[in-house]
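Listed here are the chains, written in short residue letters.
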Amino acid sequence: MSEEQKPQEEILEETAEQETIEEATVEAEAPADAELEAARAEAAEAKDQVLRVQAEMQNVRRRAEQDVEKAHKFAVEKFANEMLTVVDNLERGLAAAPEEEATKAIREGMEMTLSGLISSLERFKVEQVNPEGEPFNPELHQAMSMVENAELAPNTVMAVMQKGYTLNGRLLRPAMVMVSKGAAQIDENA
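The structure displayed is predicted, hence computed values, not measured ones. (Residues numbered from 1 in each chain as written. Predicted model: local features only at pLDDT ≥ 70, side-chain atom pairs only at ≥ 80, totals over all residues. Heavy atoms only, no water.)

Membership of the largest hydrophobic core comes to 14 residues, with the highest contact counts inside it found for Val87, Leu121, Val126, Tyr165 and Leu172. For this core, the secondary-structure elements that each account for two or more residues are α2 (77-96), α3 (104-123) and β4 (164-167). With residues up to four places along the chain from it excluded, the contact list for leucine 121 reads Met83, Leu84, Val87 and Val126. Membership of the second largest hydrophobic core comes to five residues, among which are Val129, Val157, Ala175 and Val177. (Core = buried A, V, L, I, M, F, W, Y, C linked by side-chain atoms within 4.5 Å. Buried < 20%, exposed > 50% of the residue type's maximum accessible area, 1.4 Å probe, protein only. Helix = DSSP H or I, 4+ residues; strand = E, 2+ residues; numbered from the N terminus. Contact = heavy atoms within 4.5 Å.)

Right under this line is the structure:
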C-alpha cells in the first residue's frame, strides 16, 4: 500500500466510525423522543385527572353548603306542620263559640292564643295563604269543588275551606278552596 492510500483508508475508516456514531445517536434519540412523548401524554392525563378531582371536590363542597343552608332554612318544617293543626283547631273553636257574655273571656283567650301562635309562626317565615277572591293557583291551592257563579270570573277562588301555609316560599300545606266556573251557557236555539 502506498502512503497515500493509508491516509485515505484512515479517512474512510474515520468517516465510517462517524456514520456509525451518528446512526447510534439517531437510534438513541428515537426511543428518547418516544419516551418524551409518552411522558408528556402521561403528564397531560395526570393534569386532567387532577382538574377533574378538583371540580368534583368543588361540586361536593357546594352541594354540602346547599344542604346545610336548606337544613337551616327548613328545620322547623315538621314542627310548623304540627302547629298548623293547632291554628286550625283554634280557628274552628272561635267559629263555633257563640258570642255571648258567658263565653266572652274564653273567646278573648282563644283569640289571643291564636294571634300569638300566628305571630310566632310568622317570625319563622311561616306565612298564611288565604286566596279568597284571587285566581286559582294549582301550586298553592287545592280545589275541593267547582261551583257555577256568574258573578265571578272562571277559576276564581270563591271560598277557602282551610287556609294554606308556606315556609320560606316552600309550600307546607295547600289552601283547600272552592273555585268558580263559568255560568252555564243557555242555548237560545233550543
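Another point: the UniProt feature "coiled-coil region" (unreviewed entry) in the protein. Here, UniProt's "coiled-coil region" (unreviewed entry) annotation points to residues 36-63. Between the C-alpha atoms that bound residues 36-63 there is a distance of 40 Å. The span itself is 100% helix and 0% strand. (UniProt positions renumbered as here; feature names shortened; annotations may be inferred.)

Among the structural elements, valine 129 can be located in strand β1 (residues 126-129). On the basis of relative accessibility, which here comes to 11%, the residue valine 129 falls in the buried class. C-alpha of valine 129 to C-alpha of glycine 164: the two residues are 35 residues apart in sequence and 4.6 Å apart in space. With residues up to four places along the chain from it excluded, the contact list for valine 129 reads Leu140, His141, Lys163, Gly164, Tyr165, Thr166 and Ala175.

Right, let's get into α3. Over its 20 residues, α3 runs 29 Å from end to end, which matches the ideal 28 Å to within 8%, given 1.5 Å per residue. Of the surrounding elements, those touching the buried residues of α3 are α2 and β1. Lysine 125 occupies a position one or two residues after α3 and carries a positive phi of about 65 degrees. (Expected span 1.5 Å × (residues − 1).)

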